[in-house]
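Examining the three-dimensional arrangement
Here are the chains, one letter per residue:
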Amino acid sequence: MVYTDGKHLVADYFQELLAFSKSIGLRPEWLQDRDNGHKHTHFDLTTPGMAEKALRYGARQVTSKEAVRISDNMNRYGEREYVITYELPGGKKLPVINSQTGQTNLF
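The structure reproduced in this document is the subject of the present report. (Residues numbered from 1 in each chain as written. Predicted model: local features only at pLDDT ≥ 70, side-chain atom pairs only at ≥ 80, totals over all residues. Heavy atoms only, no water.)

Attention now goes to the pairing of strand β2 (residues 8-11). The side chains of a regular strand alternate, first on one face of the sheet and then on the other. Alignment of strand β1 (residues 2-4) against β2, held across three bridges, turns out to be antiparallel. Its bridge partner being in β2, T4 is matched across the sheet by L9. Remark: three residues form the turn of the hairpin made by β1 and β2, two consecutive strands paired antiparallel; G6 in that turn has positive phi of roughly 95°. Where β2 and strand β3 (residues 43-44) come together, two bridges link them in antiparallel fashion. Pairing of L9 across the sheet is with F43, part of β3. (Pairing = 2+ DSSP bridges. Helix = DSSP H or I, 4+ residues; strand = E, 2+ residues; numbered from the N terminus.)

Now the structure itself:
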């Protein structure tokens, strides 16, 4: 499911967010996510018309607080892979958790 608080577009799953955003005319490079320094994965809806279009295309209206919670859950459990690392002395990084495989390297 895809959601909007009127300013942001979020979804339960990463691939769902990308597909929906494309269907309403948002470009993939406009994605706000961890790779470009944002805490929550989302698209900004910069005009009232874009928010209305998202709702017409099936996005569900939520509060800003709900949008943050949905984005947090997608970041933790969605389809996007990420690896949490632990930095050792000297700068070497040890992978600790892979979100896709669930593999952990705890020491």
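After presenting the structure, the write-up continues.
Position of Q61 among the secondary structure elements: in strand β4 (residues 60-61). Owing to a relative accessible area of 45%, Q61 belongs among the partly exposed residues under this scheme. Q61 sits 58 residues away from Y3 along the chain, and the two C-alpha atoms are 5.9 Å apart. Apart from the residues within four sequence positions on either side, Q61 is in contact with T4, D5, G6 and L55. Within the structure, the side chain of Q61 is placed 3.5 Å from the backbone oxygen of T4, a separation counted as a polar contact. (Buried < 20%, exposed > 50% of the residue type's maximum accessible area, 1.4 Å probe, protein only. Contact = heavy atoms within 4.5 Å. Polar contact = N/O pair within 3.5 Å; in protein donor to acceptor, adjacent residues only side chain to side chain.)

Everything listed here is a matter of coordinates, which is why it stays silent on function.
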